[in-house]
Each structure stands twice: as structure tokens, then as C-alpha cells.
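Next come the chains, spelled out residue by residue.
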Amino acid sequence: MASRSKPVHLDDVSKAIVEQLQTDGRRSYAEIGKAVGLSEAAVRQRVQKLTDAGVMQVVAVTDPMQLGFYRQAMIGIRVVGDTTHVAEELSQMRAVDYVVLTAGSFDILAEVVCEDDDDLIDLLNSRIRAIEGVQSTETFVYLRLQKQFYNWGTR
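Here is a short report on the structure shown in this document. (Residues numbered from 1 in each chain as written. Predicted model: local features only at pLDDT ≥ 70, side-chain atom pairs only at ≥ 80, totals over all residues. Heavy atoms only, no water.)

### Details of the sheet that holds strand 4 (residues 134–141)
Okay, step 1: On the basis of which strands lie adjacent, the open sheet formed by 4 strands has the order 2-3-1-4 and antiparallel pairing. Two strands bound the open sheet, and with one partner strand each, they are strand 2 (96–101) and strand 4. Within this sheet the neighbouring strands show an average axis-to-axis angle of 20°, counted without direction.
Okay, step 2: Helix 5 (residues 117–128) contacts strand 1 (71–79), strand 3 (108–114) and strand 4 of the sheet and is inclined by roughly 20° relative to strand 1. (Pairing = 2+ DSSP bridges. Helix = DSSP H or I, 4+ residues; strand = E, 2+ residues; numbered from the N terminus. Axes fitted to C-alpha atoms, helices over the stretch in contact; angles between N-to-C directions. Contact = heavy atoms within 4.5 Å.)

### A word on the pattern of salt bridges
Okay, step 1: Counted according to the given criterion, the structure contains 3 salt bridges.
Okay, step 2: A salt bridge links Glu40 to Arg44, with the nearest nitrogen and oxygen atoms 3.1 Å apart. Of this pair, Glu40 and Arg44 both sit in helix 3 (residues 40–52), separated by 4 residues, roughly a single helical turn.
Okay, step 3: Among the residues examined, Glu40 registers a relative accessible area of 39% and is labelled partly exposed. (Salt bridge = Lys/Arg side-chain N within 4 Å of Asp/Glu carboxyl O. Buried < 20%, exposed > 50% of the residue type's maximum accessible area, 1.4 Å probe, protein only.)

### Concerning the packing of helix 1 (residues 12–23) against helix 2 (residues 29–36)
Okay, step 1: Remark: helix 1 packs on helix 2, axes separated minimally by 10 Å, with the N-to-C direction vectors making an angle of 135°. Our classification of the angle between helix 1 and helix 2 gives oblique. Crossing geometry of helix 1 relative to helix 2 is assigned as right-handed. Residues Val13, Ala16, Ile17, Gln20 and Leu21 of helix 1 form the contact with helix 2, whose own contacting residues are Ile32, Ala35 and Val36. (Parallel < 35°, antiparallel > 145°, perpendicular 65-115°, else oblique. Left-handed = near helix turned anticlockwise from the far one by under 90°.)

### Focus on a negative patch on the surface
Okay, step 1: Negative charge collects at one region of the surface, where Glu115, Asp116, Asp118 and Asp122 lie side by side.
Okay, step 2: Residue placement: Glu115 occurs in the loop between strand 3 and helix 5.
Okay, step 3: Overall, the relative accessible area of 46% leaves Glu115 in the partly exposed class. (Patch = residues over 30% accessible without salt bridge, like charges linked within 9 Å, V, L, I, M, F, W, Y side chains within 5 Å. Areas by Shrake-Rupley, 256 points an atom, 1.4 Å probe, with all protein chains shown as cover. Lys, Arg positive; Asp, Glu negative; His and termini not counted. Charge placed at Lys NZ, Arg CZ, Asp CG, Glu CD.)

Any link to function would need more than the numbers given here.
Have a look at this one:
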């Protein structure tokens, strides 16, 4: 999902399967089959093809606060030189869950999940700012997560 490639054409049935899983990722293939008009085996096969093609992932989304991660932040990063090198380094860090190269005042945005403020400070000073090419960072600390949904459909 990192690079832009030729889009995969989804027929209406595959789109409906994706939307069913976006609503409830634990929905059984049999239930999905009833909703979209396919057998359980046919749904299983389509889901496998969609995941193998990188079109979708079926994962558990957790609440970081419930797991002891009390500090989330978005970090804007300005880079001198190769932005992809910095993005690759960030992507290897366990605390970083989202990395995107951008246009605008920041070259990269990275979302991080940390245990607390001390953990965030350590991540910034010891790891992120130590990457060759990182010129500056600006940290946007999350005070409250107002909305986070993954059911935007297939359009």
C-alpha cells in the first residue's frame, strides 16, 4: 500500500465484500456470502485474492489507551536530501505506525504511539532526530481522538 501502482478493478461483488468486512472484520464468510449472493467458498477465495493483491488487510484495530499507550502524536519532519531514506528508517521503528511523504511545509508526516511523554521525548531525541537528513521536527500531540473510522467504502 506504500507506492502508487496500477489500480485493481473491483466488480460490484468484490466491493460489497470489502464493505462488509469494513463494517465488521469478524463477519463470517457465510454471512458475507448471504449478503452478496455468493457461496462461503467463493467469498473466501475472493477475500484471499484481495489480500494477496494488497487491496485490503483484515486486522484488529486497538485502542492504544486501553493498552497502556497514553501518548499519540503526529510528527511533521523536514528533510535535507533523500526523503525516502528517512521514511524507510522511520518505518522500521516500532512506535511509528504511519509514515507518509508529503508536499507542503513538511516532507514527511509520521504518527507515533508512545507509552507516555518521556517515551515520546526519547523517541524524538534519540531516534527520529538522529536519522541522517532530518533537519527539523514539529510535534502535534493528540489531546483526544475525536474520530477514527475505516469504513469509507470502495467508492
